[in-house]
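# Breakdown of the fold
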Amino acid sequence: MHTEATPAQPDVSELDLVKRCQAGESEAFDELVTRYRTRVFGMIYNMVHSEQDAWDLAQDSFVKAWKSIQRFRGQSSFYTWIYRIVMNVTIDWLRKKHVKGTGAEFDDAIQLRDIDPASKTMPRPDALPYERMQQGEIRAEIDKAIGQLSPEHRAVILMKEIEGMQYHEIAEALECSIGTVMSRLFYARKKLQNLLKDVYENI
C-alpha cells in the first residue's frame, strides 16, 4: 500500500517570525530562540567561561529581546539585532564582576593604516583554524589570554574570530564605528600575540 509523503513545510522566514512576535505571539519568539540559542550561548560562554553564567545571561538576553521586540525595525538582520543585546548584557555583567583588561584607553592612538584586515588574532602555522587547534593546555592558554582582555576587546575578537562576522556587522552589534572595531581588533591581536608568543613557538 502506497502512502503519499507529507510535503515538507517551508521554513518560516525570520522577518515573518519577528512580525508575529510584534503582534504578541510568544510561540513565534520561541521559534527565534530555538534558532539562535546555541550560537548565543556559545558566544556568551566564550566571553565568561562559565556554563551556568552563560545560560543565565542567554536567558536574560532573550527576555530583554522579547521586551524590546517592538523596537526592531528590520534595518539589520534579527541575528545582528539580538547580538547587540547579547553583547550589551554580557559586557555589563563582566564590568559588574570587575573583570578588567588593559589597554582600552589606547583605541584612539592605533594607526589604522597598519592594520591588515585579513590578519588573524593569533599566529598560526598554515592558518590553522581555532576549532582545530590542539586541545588541553593550548586551548586553556588561549582562553586565559582572551580573559586578560577588556570586555570590549574580548567581544570584538570573539565576534570576528569565532563567529566570523564582518566589520560592519560587529560595528552594528556593538553600536560603534567600523574604525573603533578595527582599532580594538588591532590592539587585541597585538596583546594576544604577545601573551601567546611562547605557546606558538612550541607548536
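Structure: see above.
Now for a look at the structure at hand. (Residues numbered from 1 in each chain as written. Predicted model: local features only at pLDDT ≥ 70, side-chain atom pairs only at ≥ 80, totals over all residues. Heavy atoms only, no water.)

## Some points on the packing of aromatic side chains
Following the criterion strictly, the structure yields 10 aromatic pairs and no others. Summarising the aromatic geometry, the rings of Phe29 and Phe62 are spaced 6.4 Å apart at their centres and angled 80° between planes, so their arrangement reads as edge-to-face. Residue Phe29 is located in helix 2 (residues 26–48), and its partner Phe62 is located in helix 3 (residues 51–68); the two are separated by 33 residues in the primary sequence. Judged by centre distance (5.5 Å) and plane angle (70°), the rings of Phe72 and Trp81 are edge-to-face. Here Phe72 and Trp81 have matching classes, each one buried. (Phe/Tyr/Trp six-rings, centres within 6.5 Å; stacked < 30°, edge-to-face > 60°. Helix = DSSP H or I, 4+ residues; strand = E, 2+ residues; numbered from the N terminus. Buried < 20%, exposed > 50% of the residue type's maximum accessible area, 1.4 Å probe, protein only.)

## Structural notes on the packing of helix 6 (residues 151–161) against helix 7 (residues 167–174)
At a minimum axis separation of 10 Å, helix 6 and helix 7 run at an interaxial angle of 140°. By the angle class used here, helix 6 and helix 7 are oblique. Along this stretch, helix 6 crosses helix 7, giving a crossing that reads as right-handed. Within the contact between the two elements, helix 6 uses Ala155, Val156, Met159 and Lys160 and helix 7 uses Tyr167, Ile170, Ala173 and Leu174. Its residues assigned to classes, the contact of helix 6 with helix 7 shows 7 nonpolar, no polar and 1 charged. (Axes fitted to C-alpha atoms, helices over the stretch in contact; angles between N-to-C directions. Parallel < 35°, antiparallel > 145°, perpendicular 65-115°, else oblique. Left-handed = near helix turned anticlockwise from the far one by under 90°. Contact = heavy atoms within 4.5 Å. Nonpolar A, V, L, I, M, F, W, Y, C, P; charged D, E, K, R; others polar.)

## Regarding the packing of helix 1 (residues 14–22) against helix 2
Axes are the key here: two packed helices are described by the angle between their axes and the distance separating the axes. For the pair helix 1 and helix 2, interaxial distance at closest approach is 8 Å and the crossing angle is 135°. When the axis of helix 1 is compared with that of helix 2, the two are oblique. Crossing of helix 1 against helix 2: the hand is left-handed. Contact residues: helix 1 offers Glu14, Leu17, Val18, Arg20 and Cys21, while helix 2 offers Ala28, Phe29, Glu31, Leu32, Arg35 and Tyr36. When grouped by side-chain class, the residues that make up the contact of helix 1 with helix 2 number 7 nonpolar, no polar and 4 charged.

## Description of the pattern of salt bridges
Within this structure, the stated rule accounts for 6 salt bridges. The closest approach of N and O atoms between Glu31 and Arg35, which form a salt bridge, is 3.1 Å. Taken together, the residues Glu31 and Arg35, both in helix 2 and 4 residues apart, mark about one turn of the helix. Classification of Glu31 as partly exposed rests on a relative accessible area of 33%. Residue classification places Arg35 among the partly exposed residues on the basis of a relative accessible area of 34%. Put simply, Asp92, Arg95 and Glu152 are held in one network by salt bridges that share partners. (Salt bridge = Lys/Arg side-chain N within 4 Å of Asp/Glu carboxyl O.)

## Notes on the nonpolar core
Core analysis: the biggest nonpolar cluster contains 55 residues, and Phe78, Tyr83 and Met159 have the highest contact counts within it. Secondary structure elements with two or more residues in this core: helix 1, helix 2, helix 3, helix 4 (78–96), helix 5 (137–147), helix 6, helix 7 and helix 8 (178–195). For Tyr83, the residues in contact, after removing those within four places along its chain, are Arg39, Val40, Met43, Met159, Glu163, Met165 and Ala173. (Core = buried A, V, L, I, M, F, W, Y, C linked by side-chain atoms within 4.5 Å.)

## Looking at the side chain of Ser150
One can find Ser150 in the loop between helix 5 and helix 6. Among the residues examined, Ser150 registers a relative accessible area of 5% and is labelled buried. Of note is the side chain of Ser150, whose polar atom sits 2.6 Å from the side chain of His153. (Polar contact = N/O pair within 3.5 Å; in protein donor to acceptor, adjacent residues only side chain to side chain.)

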